[in-house]
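# Structural overview for review
Listed below, chain by chain, are the residues.
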Amino acid sequence: MKTVGQAVPHESARGHVTGEALYADDLLGRFPNVLHAWPVLAPHAHASLTMLDASPALAEPGICTVLTAADVSGENDTGAARHDEPLFPTEIVFHQQPVAWVLGETLEAARLGASRIRAEYQPLPAVLTIEDAIASRSFHSGPIQIVRGNPDAALAQSPHRLEGELMIGGQEHFYLETQCSLAWLDESGGLMVESSTQHPSETQEIVARVLGLPRHQITVQCLRMGGAFGGKEVQANPYAAVAALGTWKTKRPVRVRLPRFLDMVLTGKRHPFLARFAVGFEKGGQIQALKLSLYSDGGWSLDLSEPVLARALFHCDNAYFIPSLEATGYVCRTHKTSQTAFRGFGGPQGMVVIEDVIDRIARTLALPSDLIRERNFYREGQSTHYGQPVKDADRISRIWTQLKEKSNFTSRRNIIERDNKRHPHCKRGIAMTPVKFGISFTATMFNQAGALILIYKDGSVQVNHGGTEMGQGLHTKIRQIAAEGLGVKEDSIRVMPTSTGKIPNTSATAASAGSDLNGAAVLDACVQLKTRLAPVAAALLGAEVADVRFASGSLSAGEKEVPFRDVINAAYMQRVPLFAQGYYRTPEIHYDAKTMQGRPFYYFGYGAAVSEVEIDGFTGAYRLLRTDILHDVGESLSPIVDRGQVEGGFIQGVGWLTLEELVWDINGRLMTNGASTYKLPAWSEVPEKFNVEFLERAAEPGVVFGSKAVGEPPLMLAISVREALREAIAAFGSGGIVTLDSPATPERVFWAIKHARTGQSAPELAKAEVDGE
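Here goes a summary of the coordinates provided. From a predicted model like this one, the values you see are computed outputs, not experimental measurements.

Criteria and cut-off values
Residues numbered from 1 in each chain as written. Predicted model: local features only at pLDDT ≥ 70, side-chain atom pairs only at ≥ 80, totals over all residues. Heavy atoms only, no water. Helix = DSSP H or I, 4+ residues; strand = E, 2+ residues; numbered from the N terminus. Rg over C-alpha atoms; globule rule 2.2 N^0.38 Å. Buried < 20%, exposed > 50% of the residue type's maximum accessible area, 1.4 Å probe, protein only. Contact = heavy atoms within 4.5 Å. Areas by Shrake-Rupley, 256 points an atom, 1.4 Å probe, with all protein chains shown as cover. Expected span 1.5 Å × (residues − 1). Arc of directions from axis to C-beta. Axes fitted to C-alpha atoms, helices over the stretch in contact; angles between N-to-C directions. Parallel < 35°, antiparallel > 145°, perpendicular 65-115°, else oblique. Nonpolar A, V, L, I, M, F, W, Y, C, P; charged D, E, K, R; others polar. Bend = angle between axes of the 7 residues up to and from the residue. Phe/Tyr/Trp six-rings, centres within 6.5 Å; stacked < 30°, edge-to-face > 60°. Pairing = 2+ DSSP bridges.

### Looking at the overall build of the protein
Summing up its helical and strand segments, the protein has 20 helices and 29 strands in all. A compact globule built from 773 residues should have a C-alpha radius of gyration of about 28 Å, and the protein, at 27 Å, falls within 12% of that. For the protein, the residues scored as buried account for 61% of the 773 residues in total. Partitioning the contacts of the protein with sequence separation of at least 6, the portion at a separation of at least 24 is 80%. Approximately 28,700 Å² of the protein is accessible, and the part contributed by carbon and sulfur atoms is 52%.

Structure follows, in structure tokens:
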């Protein structure tokens, strides 16, 4: 029976709902003498630390020690890219930055001890907005630029031209399990770290660096994560380092777990972006030229901001061919949390900009926006602005046509236009947007993976690989791949926790490449084992090696079959090795970071969505009535898992674009620091009608079992909701461009409706309201 492609439940689904599935903090009970860590927080966005006195804390009951820079025997830094993240800083660069960590017998003791520490600061000027960073030339990086053609000349020659800007907000990861690490000394004096991390090997590297130890002394394990979304790709590292440092100093287990408030004020978010653009286009809406400047808010350190910005520049075309394009990016340095990876990794911000531009073109020409989109789609044989041919470009039009027909888009739009004329205070809007998303790490060296498969004499199998499970279903897919690859039943496969002690030098589970990379490595190991086992089975069956088949826990040739377990026992008796190391490296990819040209992606994931909304003109409140999605997942490895990724990614995108607003005050303090002030999507945001289908006959050659990545691309399908809101807003007026910064909160929608009706901007309208006009 075929295993891959079957609709099986998530491998930990039962454990998730019963509480049996363990996470890092659940291991706490195994260590009765564990110490708890709490940070000493700086009350400034930018300041110099002039004095730190830990003695009052040490006098408190239950306090074991205070960790400071003096305890670091290695390097006092946890920055992965530029070594610009001191673990114990002397210059404060964001509000609530930890300057020391207190270790106590209980969490409450540690918290009280931290409050007793005396610290003095010299406040310094802070840069808190992208605009301020631009004005003061406060940049981590830039300019980073991609150029095709002659955009200046093409703009000058274009019959129509528009200029504008768009502010795109960030997003809190709000994973269910906050940052957590638990460290202890093993029986041989080495250091064990259980960390909620997407990148165990990098966590191992950072811990080793801080302690001044070789990496073989450090073992990092990730049992599973309660969500991550990119927020634990690098930002798990400092908390693992604190736990490890505490253990190394005290010789006792140390636990670091951030409560929600601390997790929100200390960790990075999705990057806010400011986009400024000029576009030239024909009277039919075909884009001739685009000049685009993207400014991302990187926060206090570089983190992953450069590759995030690069992916935004790569995806500022979305699914559209732009003959002349100049895209320039800067990473702004501000005194806020260090913004980091988040599902889509800059791609969503780039796509939002071009979709905003498309809508402005449509309104300028008084043409339907879906028509403008169709006229600009990539065609077979065309290449991106970074020089990569758009493989399977015909899938864009194929998905678009199928979805447009299946969703009854045209007839629904006609009905909406008619009904809007009859309802002056309640309007609906419908929009359709595509997605073209590149799959692979743009840092080429990360596109590799390893696996280790162990077969025991009873026929049971352990599978080790370098990917981490964060609820996305990677282990479920790996188990299906291993079962299919070895021809055994799924219940004979055990996928082990991810450990640097089993698979070294792993890449982060990110870039939507977890299944592509680790699945291929597992399959490679399976092929090696089958190659060894086939001759053994052939002898038992009296058949030729070429005739041996592996399936459903047996090996067969013709009418004869022998159980897998018996073949394994025979192989053991013949001294055939029953373990194998698998390896995979993505082929054919290359990329020059200096010229921003090459083939950074192995393939593209495609999709499209139609969304319909309804807005109350009195309040700006709205409802998402219906969404139809057609997405390209290749040949699905696990349909239930993939459907969950599409639905969940879409809703997370809806939250980013409509609800989730990060607010800092004038002192750099994060105001939206909990679920009471930061609005997350809930059941009420799920469309009343939600139809999700996968593109058929879409196998991707060269990828494990013809599958395609599905983690990130669906998030960008939510752009259809933002564009539907703009359609509904426009219906309140008599025409003209709809400007709407992101997120499109009810407040912003309310002012956009006012603008559509009066032509006045939001600040002008607000002033008029205050003045009583």
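### Comments concerning helix α13 (residues 409-422)
Between its first and last C-alpha atoms α13 spans 20 Å; for 14 residues at 1.5 Å apiece the expected length is 20 Å, and the two agree. For α13, the complete set of buried residues consists of F409, R412, R413, I416, D419 and N420. The buried residues of α13 occupy one face: seen down the axis, they fall within an arc of 130 degrees. Opposite the packed face of α13, turned more than 90 degrees from it, sit the exposed residues K421 and R422. Its buried side turned inward, α13 meets α11 (369-376), α12 (394-406), β16 (426-439), β27 (603-616), β28 (622-631) and α18 (719-731).

### Notes on the packing of helix α17 (residues 639-659) against α18
Contact geometry of α17 with α18 gives a least axis separation of 8 Å together with a crossing angle of 45 degrees. When the interaxial angle is binned, α17 and α18 end up oblique. Along its contact with α17, which presents F650, V654, L657 and T658, the element α18 presents I719, S720, V721, R722 and L725. For the contact of α17 with α18, the residue count by class is 6 nonpolar, 2 polar and 1 charged.

### Quick word on helix α15 (residues 514-541)
Here α15 contains 28 residues, and its C-alpha end-to-end distance of 38 Å stays within 8% of the 40 Å for a straight helix at 1.5 Å per residue. A bend of about 30 degrees at L533 is the largest found in α15, and the proline P535 appears one to four places after it. One or two steps after α15, the chain reaches G542, where phi turns positive at roughly 65 degrees.

### What about unusual backbone geometry?
Working note: non-glycine residues mostly have negative phi, and peptide bonds are mostly trans. In this chain, G142 is followed by P143 through a cis amide linkage whose omega measures 5 degrees. Each neighbour pair has its own omega, and for S742 with P743 the value is 5 degrees, a cis peptide bond. Among the structural elements, P743 can be located in the loop between α18 and α19 (746-758). In the Ramachandran plot, N408 falls in the positive-phi region, its phi being about 55 degrees despite a non-glycine side chain. Looking at where N408 falls in the secondary structure, it is placed in the loop between α12 and α13. You can call N408 partly exposed: its relative accessible area is 41%. The phi dihedral of R575 is positive, around 60 degrees, even though this residue is not glycine.

### Thoughts on the environment of D394
Mapped onto the elements, D394 comes out in helix α12. For the pair D394 and Y121, spaced 273 residues apart in sequence, the C-alpha to C-alpha distance is 60 Å.

### What to know about the packing of aromatic side chains
Inspection of the entire model under this criterion finds 18 aromatic pairs. With 5.3 Å between their ring centres and 10 degrees between their planes, Y295 and Y330 make a pair best called stacked. With Y295 in strand β14 (residues 287-297) and Y330 in strand β15 (residues 324-332), this residue pair connects regions lying 35 residues apart in the sequence. Grouping residues by exposure puts Y295 and Y330 together as buried. For the ring pair F314 and F601, a centre distance of 5.7 Å and an interplane angle of 85 degrees mean the geometry is edge-to-face. Linking F314 in helix α9 (residues 305-314) with F601 in the loop between β26 (597-599) and β27, this pair joins segments that are 287 residues apart in sequence.

### Topic: the pairing of strand β13 (residues 273-281)
Counting buried positions over the 9 residues of β13 gives 8, a clear majority of the element. In the sheet, β13 pairs with β14 via 9 bridges, with the strands oriented antiparallel. In the sheet register, F273 faces β14, and the bridge partner there is S296. Where β13 hands over to β14, the hairpin turn is made up of 5 residues, of which G285 adopts a positive phi near 100 degrees.

### Let's talk about the sheet that holds strand β4 (residues 91-92)
One open sheet accounts for 3 strands, arranged β4-β2-β6; its pairing is antiparallel. Looking at which strands have only one partner, the edges of the open sheet turn out to be β4 and β6 (118-123). Of the pairings in the sheet, the one linking strand β2 (residues 47-53) to β4 comprises 2 bridges and is antiparallel in character. Bridge pairing links S48 to E91 in β4.

### With respect to the side chain of R311
With respect to the helices, strands and loops of the structure, R311 is situated in helix α9. Dropping the residues within four chain positions of it, R311 is found in contact with G344, F345, G346, G347, F437, G438, S440, T442 and F601.

### Topic: the sheet that holds strand β23 (residues 560-563)
In space, the 3 strands of this open sheet follow the order β21-β22-β23, with antiparallel pairing throughout. Two strands bound the open sheet, and with one partner strand each, they are β21 (549-551) and β23. Ignoring strand direction, the axes of neighbouring strands in this sheet form an average angle of 25 degrees. Bridging between β21 and strand β22 (residues 554-557) involves 3 bridges; their strand directions are antiparallel. Residue pairing for β22: A551 is matched across the bridge by S554.

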